[in-house]
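These are the residues of each chain, in order.
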Protein chains: 2
Amino acid sequence: MADDKQASAGTKRVLVLAEGYLADPHHGKTTRGVVDYASFPVVALLDSTYDGDVFKGIPVVDSVTDALAFDPTTAIVGVAPTGGRLPDTLRAHVTASITAGLHVEAGMHEFLADDPELAALARDCGVGLCDLRRPPEGLSVPTGANLELDATVVLTVGSDCAIGKMTIALELHLESLRRGRRSVFVPTGQTGIAIAGWGIAVDAVVADFIAGAVEQLVVDGSALGDLLWVEGQGSLIHPMYSGVTLGLYHGSAPQLLVLCHKAGMDHLEGHARHAIPPLRELVDLHERSALPACPARVAAIALNTSLLDDDEARAAIAAATAETGLPADDPVRFGAERLTDACLGT
Amino acid sequence: MADDKQASAGTKRVLVLAEGYLADPHHGKTTRGVVDYASFPVVALLDSTYDGDVFKGIPVVDSVTDALAFDPTTAIVGVAPTGGRLPDTLRAHVTASITAGLHVEAGMHEFLADDPELAALARDCGVGLCDLRRPPEGLSVPTGANLELDATVVLTVGSDCAIGKMTIALELHLESLRRGRRSVFVPTGQTGIAIAGWGIAVDAVVADFIAGAVEQLVVDGSALGDLLWVEGQGSLIHPMYSGVTLGLYHGSAPQLLVLCHKAGMDHLEGHARHAIPPLRELVDLHERSALPACPARVAAIALNTSLLDDDEARAAIAAATAETGLPADDPVRFGAERLTDACLGT
């Protein structure tokens, strides 16, 4: 994703454009991911609908003009709407950011740089437009190199979208680094790419090349370390995104899976007719869906307990272990030690 | 796929460019599909490496110049190489076809019309370039309309690529038409599109939109009839294409599956390390992989017995039924009656 017009990592100061979605953990997940995990400073958040002046210690502003007081270099579009198109409400903020001299990064399926009006404006203003989801050139089908890696590959899978697969991969990666492991977070979506500075948004590649793109990511990742935490996407049971999920699974060729689930949800968010099967069935489905040449086992259950209080969360974790016989925890709430142990066998 | 520069169905006379692959049932599958099932006449086949002058009653020629004696209007590239790029050996024949005034249709991932040299030549020669795999504009994720169709949807799935999923869908569709049913073949790949004149190559769409594209196809198909035979792609156990397969499965939301298998193959073609599980396990995997909101059952096993003699074929069919408890047959060899009965419940 390198672009010589972008601010370098050392000087990058980010304004996140989160208009309308700062309070929404689903459609605002890019915002939250960048705020929680990016190595560059997030100096302001833009959401004129947000009820408050501060979010996680970061100033919340109503306009790009107000944000300039915090001296940003780059605006990141922090909203990932279904279908991946730039909402009209955000377009004005993007235009204002360009006009104010900020570089803009976005993860839509419709690329900023392919929009003649935005592209011309960016050229006039001397700023860069970085489309995090734009696939690299030269993708193809996998070569089989993914089956030959000298690395432990762990993929996060889940019972739904937007329940924490990226967060779990990041938390277990960070815990592994703390333990001195040569750990690598492998980004497969726009937020992961915004955070880590590399990766491919596998949902945006040509469908035939999903597994090939992911193979390229794990091959590249294995040059950086020998413990790869691959960011999962979608769900095998999601009516929209299951194809990406299975291609990502087979392309990353993991030995281990961490099954993520949002405790308390019995159907897909926004899809009441799509029931989520019991955890033990999901474990079974995921293990059976491995390529015969590359068996994978579910090493642990990662619960997102954000709907529960502490006691309920502990009870849900105990119930998940009782149901599946697997270690379970909520790494965001209770720390990543237990699930990291489960994956590393320590 | 309509293009007003193309010859209309009534006058279209096709030369298939099959250079190097006429004898190859895998990489020449587009050629064979068009020869066997298209409603327009195929007047010549081009393969300078083919040992013979006639293939299935159609003249085989060495060059476009030689083909002109048969008065073609359109050249179809009949080769579908892995990765979807136009082989150099075929490029010269494409150029010769354009120069000779033929429209050209092709199903590569790299589009003819995006090749500046070919596009300029076609413009100069007044012919059309039709990229069968080019996705339509405006695709997105599914809306749920696929779960509301007033139609029986049957999807062909398989143990490998290029073993006959399109052929089985076509054979059962044609048998259903003979029975007076309002039957529709739903094309999902370049060969099916070349044959039927509509469809979307779902392996060429943006990965996030696989299921959405297929939903659009079954919705469109349900306007044409109430019995839809959806052309399957790839395999849930294929290391390259499984993502497309699952997205196609969930997007088409079938009630019934026909499981296709090439009798005698115990591993994926060209992938010796990828074993094919027993048929009963494949039946189970496919039924478990249905969306919880849209259960699907395997109605029948379609065996491709082309590696076997008649007695061996009958034995393989009996063995498939014994193993799975399901009706089995090779519709190409023994007729489509039995598998059509199995799907229609008659």
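Up top is the structure these notes are about.
One structure accompanies this document, and this report is about it. No experiment lies behind these values; they were computed from the predicted model shown.

With that out of the way, let us pick up the environment of A:R314. Residue and element names in this part refer to chain A. Note that R314 resides in helix α10 (residues 310–324). With relative accessibility at 46%, the residue R314 sits in the partly exposed group. In this structure the C-alpha to C-alpha distance between R314 and F70, which are 244 residues apart in sequence, comes to 40 Å.

Contacts between the two partners involve 45 residues from chain A, matched on the other side by 45 residues from chain B. Interface area, chain A with chain B, both sides summed: about 3400 Å², of which 58% is carbon and sulfur. Our enumeration of links across chain A and chain B arrives at 6 salt bridges. The partner of B:E148 in a salt bridge is A:R273, and the shortest N-O contact between them spans 2.7 Å.

Below, the discussion takes up the pairing of strand β13 (residues 271–275) of chain A. All names here are of chain A. Sheet topology note: the strand β12 (residues 267–268)/β13 ladder contains 2 bridges and is antiparallel. Its bridge partner lying in β13, L268 is registered against H271. Connecting β12 to the antiparallel partner β13 that follows it, the hairpin turn spans 2 residues, and G270 within it adopts a positive phi of roughly 80 degrees.

Ranked by size, the top nonpolar core spans 98 residues in total, and within it A:L259, A:I301, B:L259 and B:I301 carry the most contacts. Among all residues touching A:I301, those that are not within four sequence positions of it are A:L259, A:L279, A:V283, A:A320, A:T324, A:L326, A:P327, A:A328, A:D329 and A:L339.

Residues and elements named next belong to chain A. Counting across every chain of the model gives 38 salt bridges over all chains. R179 is paired through a salt bridge with D341; the nearest N and O atoms lie 2.7 Å apart. Here R179 is found in the loop between α5 (165–178) and β9 (183–186), whereas its partner D341 is found in helix α12 (residues 337–344), with 162 residues between them in sequence. Overall, the relative accessible area of 28% leaves D341 in the partly exposed class.

About the thresholds
- Residues numbered from 1 in each chain as written.
- Chains lettered and ligands numbered in written order.
- Predicted model: local features only at pLDDT ≥ 70, side-chain atom pairs only at ≥ 80, totals over all residues.
- Heavy atoms only, no water.
- Helix = DSSP H or I, 4+ residues; strand = E, 2+ residues; numbered from the N terminus.
- Buried < 20%, exposed > 50% of the residue type's maximum accessible area, 1.4 Å probe, protein only.
- Contact = heavy atoms within 4.5 Å.
- Buried area = accessible area lost by both parts, 1.4 Å probe.
- Salt bridge = Lys/Arg side-chain N within 4 Å of Asp/Glu carboxyl O.
- Pairing = 2+ DSSP bridges.
- Core = buried A, V, L, I, M, F, W, Y, C linked by side-chain atoms within 4.5 Å.

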